[in-house]
Amino acid sequence: MSGSLDFSPRILMGPGPSNVDARVLQAMALPPIGHLDPEFIKIMERIKTMLREVMLTDNELTIPVSGTGSAGMEAALCNLIEPGDRCVVCVHGVFGGRMAEICARYGAEVVTVEAPWGQPTDPDDVSQALAEGATKLVAIVHAETSTGVLQPLEEISRITHQAGVLLVVDTVASLGGHPVRVDEWGIDVCYSGTQKCLSIPPGLAPITFSPQAVAALDSRPTKVANWYLDMSLVRHYWGEERTYHHTAPVNALYGFHEGLRLVLAEGLEARWSRHQANHELLVAGLTEMGLEMLPDPNYRLWSLNAVRIPEWVDDVAVRQRLLNEYDIEIGGGLGDLKGNVWRIGLMGASSTPNNVLMLLGALNEILD
Ligand SMILES: Cc1ncc(COP(=O)(O)O)c(C=O)c1O
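Residues numbered from 1 in each chain as written. Predicted model: local features only at pLDDT ≥ 70, side-chain atom pairs only at ≥ 80, totals over all residues.

A. Just the overall build of the chain, in detail. Broken down by element type, the chain carries 12 helices and 14 strands. Along the first, second and third principal axes, the C-alpha set of the chain runs to 65 × 55 × 40 Å. Within the chain, the fraction of its 368 residues that count as buried is 47%. Once local pairs closer than 6 in sequence are excluded, the contacts in the chain between residues at least 24 apart make up 73%. (Helix = DSSP H or I, 4+ residues; strand = E, 2+ residues; numbered from the N terminus. Buried ≥ 20, exposed ≤ 12 C-beta atoms within 10 Å, placed from the backbone. Contact = placed C-beta atoms within 7 Å.)

B. Spotlight on the domain arrangement of the chain. When the domains of the chain are assigned, the result is domain 1 (11-17 + 268-367) and domain 2 (22-264). Taking only C-alpha atoms, the centre of domain 1 and the centre of domain 2 are 26 Å apart. Between domain 1 and domain 2, the residue contacts involve 24 residues of the former and 26 residues of the latter. The set of elements that each furnish at least two residues to the side of domain 1 that touches domain 2 consists of α10 (268-288) and β11 (304-308). Classifying every residue of the side of domain 1 that touches domain 2 by side-chain character gives 14 nonpolar, six polar and four charged. (Domains from an automatic or database assignment. Nonpolar A, V, L, I, M, F, W, Y, C, P; charged D, E, K, R; others polar.)

C. Representation of the nonpolar core within the structure. Core analysis: the biggest nonpolar cluster contains 107 residues, and Ala 75, Leu 77, Val 89, Cys 103 and Ala 139 have the highest contact counts within it. The greatest single-element share of this core, amounting to seven residues, is contributed by helix α3 (residues 69-80). Composition of this core by domain shows at least three residues from each of domain 1 (11-17 + 268-367) and domain 2 (22-264). If sequence neighbours within four positions are ignored, Cys 103 has contacts with Leu 77, Ile 81, Cys 87, Val 89, Ala 108, Val 110 and Ala 139. (Core = buried A, V, L, I, M, F, W, Y, C linked by C-beta atoms within 7 Å.)

D. Geometry of the site of the ligand. In the vicinity of the ligand lie 15 residues, with Thr 68, Gly 69, Ser 70, Thr 145 and Val 172 positioned nearest. Looking at the shell around the ligand element by element, the count peaks at three residues for α3. Looking at the shell around the ligand, its residues break down into eight nonpolar, six polar and one charged. (Near = placed C-beta within 6 Å.)

E. Quick peek at the packing of α3 against helix α4 (residues 94-105). At a minimum axis separation of 10 Å, α3 and α4 run at an interaxial angle of 45 degrees. Judged on the interaxial angle alone, α4 and α3 are oblique. Considering how the two elements wind past one another, α3 and α4 form a crossing that is right-handed. Contact residues: α3 offers Met 73, Glu 74 and Leu 77, while α4 offers Arg 98, Met 99, Ile 102 and Cys 103. (Axes fitted to C-alpha atoms, helices over the stretch in contact; angles between N-to-C directions. Parallel < 35°, antiparallel > 145°, perpendicular 65-115°, else oblique. Left-handed = near helix turned anticlockwise from the far one by under 90°.)

F. Seen up close, the pairing of strand β3 (residues 86-91). The element β3 is largely enclosed, with a buried count of five among its six residues. Sheet analysis places β3 next to strand β4 (residues 109-114), joined by six bridges and oriented parallel. Each bridged residue has a counterpart across the sheet, and for Val 88 the counterpart in β4 is Val 111. A crossover links β3 with its parallel partner β4, the connecting element being α4, and its sense is right-handed. One ladder, built from three bridges, connects β3 with strand β5 (residues 137-141); its direction is parallel. Bridging from a neighbouring strand, Val 89 pairs with Ala 139 of β5. (Pairing = 2+ DSSP bridges. Right-handed = clockwise from strand over helix to strand, strands pointing away.)

Here you go:
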């Protein structure tokens, strides 16, 4: 019938969203209840507890922000930045660039530390940038979805804290698929998105603030420039007071609750191992076909595999055939890498040996 939501289900192996377990979708189909209903408040409390477990943190202020991963990025930055603050932003792909752009919009003095796309940021470069001026925060992407690079964080965290500076980390493409140890790694603000390794539909951004980050928020002389994402207000809805700020996306939060439950039921270690094993299976298959990965083996994401497109291959035609003939979605390159790489996601429920083998089989047929 015209106008109905009629499409064939896809195997989602792009940079997100990933496939969603039916139990999450069923949870989202439950009838909404009031966002101040005592039953809903119980759900909120369980969400906060589970989210702390998934983010490996004891931080009190650990909540899902209403909005996608970019809302998490904006929330992390707008709550800390005051006009004139010096911010060191590590840029090794599109999303580091987005962080720099957001910092500038909040009036920060932005200092970028650049790394070639396909490589991680060098901690010595961060050290140098910090030595050149009093700094409010260092911002960095843990899993750069545009390049498939995993950024090691421990050394950068050490350098940042030695300088008495706050560390903001984007884990949109790693939380739930790679180890993300918020407390152990000394991350002050860590945010993510639901639609990648957590395998929950897009629409929420988990975020956590360390006591130092909360202190920075509490001591700012100026108001947070973004009302919707102002944590000094939003936290009173998620805290004991339950003060209305904005209407919580109730059904999205049901799905979030169920998705977090599934992550913890699988176990973080088991989930990380699954992501690693399926990544290795994919890389072995692609290598056998003569394809090359963009990042060095030491810095490859398990969740997002950036593969160089051979010169003789038509990028768009291959992706169209995968979608139209096999119902498989993979991603094209972003920014400077447009036309040069495919981005193959193995995230959350999409990270299965079956999916890997199906994609390799389809690619083999198409490239033959
Ligand atoms: C590393 C990273 N940060 C931020 C974002 C932005 O998230 P969203 O598109 O959910 O707003 C993305 C999305 O792909 C991402 O991969």
